[in-house]
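Residue-level structural notes
One letter stands for each residue in the lines below.
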Amino acid sequence: MSSRENEDFEPLVVLQFSSSTPPATKEWVIKRLTANPNDDQGAGLLARYDTDPESDKRVILIGATLSRLLIGAEELRIKKRYKNKGLTEFLVSDTDHFENSENPENLLLKSEKQRIIWEEIQNLHPMMHEHTVPGVPTKSFSSKNDTILNILHSLDFIGNIFPLHDKEELKLLEHTWIKSVRSISKPQDINKIRDYFGENVAFYFAFLEFYTYALVPPALLGLLISFSSSSDFFKYSSLCIFNVIWWTIVMELWKNYTNKLAHQWGTLDIEIFERPRSLYYGDPQLSPITNTEEPQYPLWKHLLKKYLVSYPLMLVCVAISLIMYFTYCGIQQSTDEKYPFDDSVLFIHAKSMRMAPSLGYSLLIGPVNLAYKRLATFLTDLENHRLQSSYENNLTSKLFIFFFINCFVGLFYQAFFNANFANVTQLLTSMVIVNAILLKFTEQIIPYLWKLQKKKQLIEKRSDDAQVSSAVRQLKTLTPFQGTYGDYVTIFEQYGYVALFSAVFPWVTICALVNNLFELRGDAFKYCHVYQRPFAQQSWNIGSWHYAFDILSSIAIVTNTALIAMQPTVREYFSSYTDVEYILIFVAAEHVLLAIKFFIDFAIPDVPYEVEIERVKALYESNQALRRQRANKALQAEKSIVRL
C-alpha cells in the first residue's frame, strides 16, 4: 500500500528521524511501513511526511486503515465487549456480534489503535533479500534477526516516536480529572484514564489514589495521639500495632482491587499469553511452543551479564551511596560541635546551620537516584530479557535495592547505631520536605514553563497565520514519556518513611497525606500537559512494585518495634524488668505482629469472589463450546461414513 495513495488519513503515531538520517533510509522506512504484509512482508500501515516546515522532512505521520487495525486487534488478542455477554477476544470474522459494530470506526479505542500500530512497527523486519541499509551501505544486518526499529536505533537514526494526544478526548478527560471543582473531592474515573492512557498508567493512578485514601486513618490517629497525654509506650505501641494491621489489610485489599480492575479490563490472565519483547534479540531457533522460528538468547550469556556486570556495578553504586552518607555524617557531626545549642539569641542561627548538612544531603539524594535509575535501565537492557514481565521484575529489584539503601540507610544508622533521635527527626524532616518540593519543580513546574516557552517560540517563528501542526507542537513542546518507574519510586520512598518510622514520628503520615492530595492532581496535570502521550501497555497489576511495598511492610514491623524499645521513656516504663527480659518482650511482640500480618495475608482473598465466579463461568462456557464443536465434527464424520 503506497503512502502516496492515502494522503488524507488520521495520523496516530509520530516518528521523528535524527538529523543525520540519509533521505534514502527515510524512504526505505516509509516503504517498509506501507508495504503489503502478505506480498512484501511489510506492516501495511499508512505513512507520510508532515507538511509543517518545522518538521524539516524528518517527521513521519503514521496511521492505518480500519481493516488493518481490526486485523491487528485480532492478532494482539484485544478483548472487546460481546453483545449481551462479557469481554471476548476480538475476531474479525465475528465483528457484527461485538458492541459498536454498527459504527466500526468506534469499535477500537484510539489508544488501542496506537498500540496496534506500535506493535507493527516494533515487529517490522527488512525484506528477505535485503542485507544492507539504504543510504548506509556499510551497515549490514540479518533480515530474520534484526527489526527495522533495532537497526535504526543502532545507527542513532531515531529521534523520537510517540502516539499523538487527541485534543478533544484530552479536553473531556481533564475536565473531570483536573479542572472541575468536584474533581478535588470525588474519586478519579479510572476507566476513562485507562481508555486514554492504557492499563499501565491507569494502575499507577489507581494505586496512588488507593494509597492516598489509606493514609487518612493513620494520619488521624497520629494526630490524636500526638496531642494525647498518655505515656509514650501507649502512644508508640498503639500506632505500631495499628500500622501493622492497617497496612497489611491495605495491601491485601489492593491486591483484591487490582484483580477486580484487571478482570474488568480483560487483562487478568494475559501473563499466560505474554509475547516476547520486540527488543529481545538472539539467534533464530524453532520454538517448542509456537513451532515457529523465534530469537533465542543463550542462558549462560544472560547469567554472565547479570552476575559479572549488573550485580558488581550495583554493589559499586551501593558503596558510593554509603560513602556519600558517611561523608554527610562527618560534616553533620563537626557542624553540631561548632554550633551547640544554648539559651543565647544565636539559637536560631545555630539551628539553621545544623540543618544545612541535612538539607544538602537531601538535595543530593534526588540526582543520585536519577543517575542510578538510568544505570539500572541500561543494565536491564543489557541483560536482554525475553518477556516484558521479566524485564520489569529485574529493573524493579535493582531500583528497590539501591533506593532502599540510598533513602533509608542514614535514618537506620542514626536511629539504631547512634540512637540519636534528634538527628533522625532532623534528617527525616529535610528529606520529606525537600523531596516533595524538588519533585514539584522538576516534574511539573519547570517542564510546564519550558513547554510554554517553546510554544511561544514556535508561534513567533511563523511569518504567516499558518497553524503549527499537532505533531510538531507535541514533538517540540512536550517531554518524552519515561515510564511510570519514577512515579512508583516516589511513592515507594514516601511509603518507606511512613511504614518504617511513623510509629515514633506520626507527623510523617500527615505530611504524606497532604502531599498526595496535591500529587494526585499534579500527576494528572503532568500526564495531560507535560508528557508526550505514552503507548498503551497492557498490565494486570502494578508488577513487582507490589512485592517491594509488601517487603517494606514486613521490615516496618522490625524497625517500629525496635524504635519503640530504644526510646528511653519506654525503657523507664519497663524499669522493673532486666535488660534480657526487656529485649525478649519486644522480640516476642515483633513475632506476634508478624504472625498477625501473615494471618491477615491468608484471610483476605487475592481474587474477589465475583471475579472468581466469572472466571470459572468463562472456563465452563469455553469447555462447553469445545465439546459442541467436537460433537459436530463427530456427527459430520459419521454422516460421511454412512454415505460411503
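Residues numbered from 1 in each chain as written. Predicted model: local features only at pLDDT ≥ 70, side-chain atom pairs only at ≥ 80, totals over all residues. Heavy atoms only, no water.

Let us look at the packing of aromatic side chains. In the structure shown here, the tally under the stated rule is 52 aromatic pairs. Relative to Y495, the ring of W247 lies with its centre 5.3 Å away and its plane at 80 degrees, an arrangement referred to as edge-to-face. Taken together, the positions of W247 in helix α9 (residues 232–265) and Y495 in helix α15 (residues 485–501) put the pair 248 residues apart, joining distant regions of the chain. Here W247 and Y495 have matching classes, each one buried. Considering the side-chain rings of F400 and F404, the 6.0 Å spacing of their centres and the 25 degrees angle between planes classify their relative orientation as stacked. Taken together, the positions of F400 and F404, both in helix α12 (residues 388–417) and four residues apart, correspond to about one turn of that helix. Owing to a relative accessible area of 16%, F404 belongs among the buried residues under this scheme. A cation over an aromatic ring shows up here: R533 above the ring of Y196, its NZ or CZ 3.8 Å from the ring centre. (Phe/Tyr/Trp six-rings, centres within 6.5 Å; stacked < 30°, edge-to-face > 60°. Helix = DSSP H or I, 4+ residues; strand = E, 2+ residues; numbered from the N terminus. Buried < 20%, exposed > 50% of the residue type's maximum accessible area, 1.4 Å probe, protein only. Lys NZ or Arg CZ within 6 Å of the ring centre and 35° of its normal.)

All right, on to the layout of surface pockets then. Each pocket or cavity is described by its volume, and for the second largest pocket that value is around 710 Å³. As for the second largest pocket, its lining consists of 29 residues, of which H165, K167, S470, R473 and Q474 are closest to the centre. Looking at the lining of the second largest pocket, the elements with two or more residues in it are α3 (110–122), α5 (167–179), α13 (421–461), α14 (470–477) and α16 (507–529). The residue inventory of the lining of the second largest pocket, partitioned by class, reads 11 nonpolar, seven polar and 11 charged. When residues of the lining of the second largest pocket are sorted by domain, at least three fall in each of domain 1 (13–164) and domain 2 (197–297 + 384–607). (1 Å grid on protein atoms, 1.4 Å probe; cavity = no way out; pocket = protein on both sides within 12 Å on 5 of 7 lines; lining within 4 Å. Points joined across faces, edges and corners; volume = space filled by probe spheres on them. Nonpolar A, V, L, I, M, F, W, Y, C, P; charged D, E, K, R; others polar. Domains from an automatic or database assignment.)

Time to look at the nonpolar core. Core analysis: the biggest nonpolar cluster contains 106 residues, and W177, L399, F408, L411, F492, Y497 and W545 have the highest contact counts within it. Here the element with the most residues in this core is α12; it accounts for 13 residues. Setting aside chain neighbours within four positions, we find Y497 in contact with C407, F408, L411, L428, M431, V432, S502 and V508. Membership of the second largest hydrophobic core comes to 41 residues, among which are L12, A47, L124 and F157. (Core = buried A, V, L, I, M, F, W, Y, C linked by side-chain atoms within 4.5 Å. Contact = heavy atoms within 4.5 Å.)

So, on to the domain arrangement of the protein chain. By domain assignment, the protein chain separates into domain 1 (13–164) and domain 2 (197–297 + 384–607). Between domain 1 and domain 2, the C-alpha centre-to-centre distance is 35 Å. Each side of the interface is counted separately: domain 1 has 32 residues, and domain 2 has 31 residues. Taken over both partners, the interface formed by domain 1 and domain 2 buries close to 2,600 Å², and the fraction arising from carbon and sulfur atoms is 54%. Between the two partners, domain 1 and domain 2, sit zero salt bridges. For the pair domain 1 and domain 2, the number of links is five residue pairs in polar contact (both at pLDDT 80 or more). Of all elements in the fold, only β1 (13–17), β3 (59–63), β4 (79–81), α3 and β8 (158–163) reach the threshold of two or more residues within the side of domain 1 that touches domain 2. Broken down by element, the residue count for the side of domain 1 that touches domain 2 peaks at seven residues, all from α3. Residue classes in the side of domain 1 that touches domain 2 are distributed as 12 nonpolar, nine polar and 11 charged. (Buried area = accessible area lost by both parts, 1.4 Å probe. Salt bridge = Lys/Arg side-chain N within 4 Å of Asp/Glu carboxyl O. Polar contact = N/O pair within 3.5 Å; in protein donor to acceptor, adjacent residues only side chain to side chain.)

Further remarks concern the packing of helix α17 (residues 545–565) against helix α19 (residues 579–603). Where α17 meets α19, the closest approach of the two axes is 10 Å, and the angle between their N-to-C directions is 155 degrees. Between α17 and α19, the interaxial angle falls into the category roughly antiparallel. For the element pair α17 and α19, the recorded crossing hand is right-handed. Touching D550, S553, S554, I557, V558, T561, I564 and A565 of α17 are Y582, F586, E590, L593, L594 and K597, all from α19. Across the contact of α17 with α19, the residue classes break down as eight nonpolar, three polar and three charged. (Axes fitted to C-alpha atoms, helices over the stretch in contact; angles between N-to-C directions. Parallel < 35°, antiparallel > 145°, perpendicular 65-115°, else oblique. Left-handed = near helix turned anticlockwise from the far one by under 90°.)

A complete count under the given rule lists 15 salt bridges for this structure. We note a salt bridge from D487 to K526, for which the minimum N-O separation is 2.8 Å. Of the two residues, D487 sits in helix α15 while K526 sits in helix α16, which places them 39 residues apart along the sequence. Residue D487 shares its accessibility class with K526, and that shared class is buried. Between K597 and D550 there is a salt bridge, with the nearest N and O atoms lying 3.3 Å from each other. One end of the pair, K597, is in helix α19; the other, D550, is in helix α17, and 47 residues separate them in sequence.

UniProt records the feature "transmembrane region" (unreviewed entry) at residues 201–227, 233–254, 308–328, 399–416, 428–450, 495–518 and 547–570, using the numbering of this structure. For residues 201–227, helix accounts for 93% and strand for 0%, while the C-alpha atoms at its two ends are 40 Å apart. For residues 547–570, helix accounts for 92% and strand for 0%, while the C-alpha atoms at its two ends are 33 Å apart. (UniProt positions renumbered as here; feature names shortened; annotations may be inferred.)

Below, the discussion takes up the packing of α9 against α17. Where α9 meets α17, the closest approach of the two axes is 10 Å, and the angle between their N-to-C directions is 170 degrees. Compared by their axis directions, α9 and α17 come out roughly antiparallel. Across from Y236, S237, C240, V244, M251, W254 and K255 in α9, the residues of α17 making contact are H546, F549, S553, I557, N560, T561 and I564.

The next thing to look at is empty space enclosed by the protein. Inspection of every chain in the model, using the stated rule, returns six cavities of 30 Å³ or more. Computed from the structure, the largest cavity encloses a volume of approximately 130 Å³. Counting residues per element, the ones that place at least two in the lining of the largest cavity are α3 and α6 (190–197). Counting residues per element, the lining of the largest cavity draws most heavily on α3, at three residues. Its residues assigned to classes, the lining of the largest cavity comprises four nonpolar, four polar and six charged. A domain split of the lining of the largest cavity shows at least three residues from each of domain 1 (13–164) and domain 2 (197–297 + 384–607). Roughly 90 Å³ of internal volume is contained in the second largest cavity.

Another aspect to go through is the sheet that holds β8. Pairing within the open sheet is antiparallel, and its four strands lie in the order β2-β3-β1-β8. On the outer flanks of this sheet lie β2 (46–49) and β8, each paired with one strand and no other. For this sheet the average axis-to-axis angle between neighbouring strands, irrespective of direction, equals 20 degrees. Bridge analysis of β1 against β3 gives four bridges, and the strand direction is antiparallel. Pairing of V13 across the sheet is with I62, part of β3. Sheet strands touched by helix α1 (residues 23–34): β1, β2 and β3. Its angle to β2, the strand with the most contacts, is close to 155 degrees. (Pairing = 2+ DSSP bridges.)

On to the environment of L279. Its location among the elements puts L279 in the loop between α9 and β9 (283–286). What makes L279 partly exposed here is its relative accessible area of 40%. Separated by 103 residues in sequence, L279 and L382 have C-alpha atoms that sit 11 Å apart. Each residue touching L279, except ones within four places of it in the same chain, is listed here: N150 and N384.

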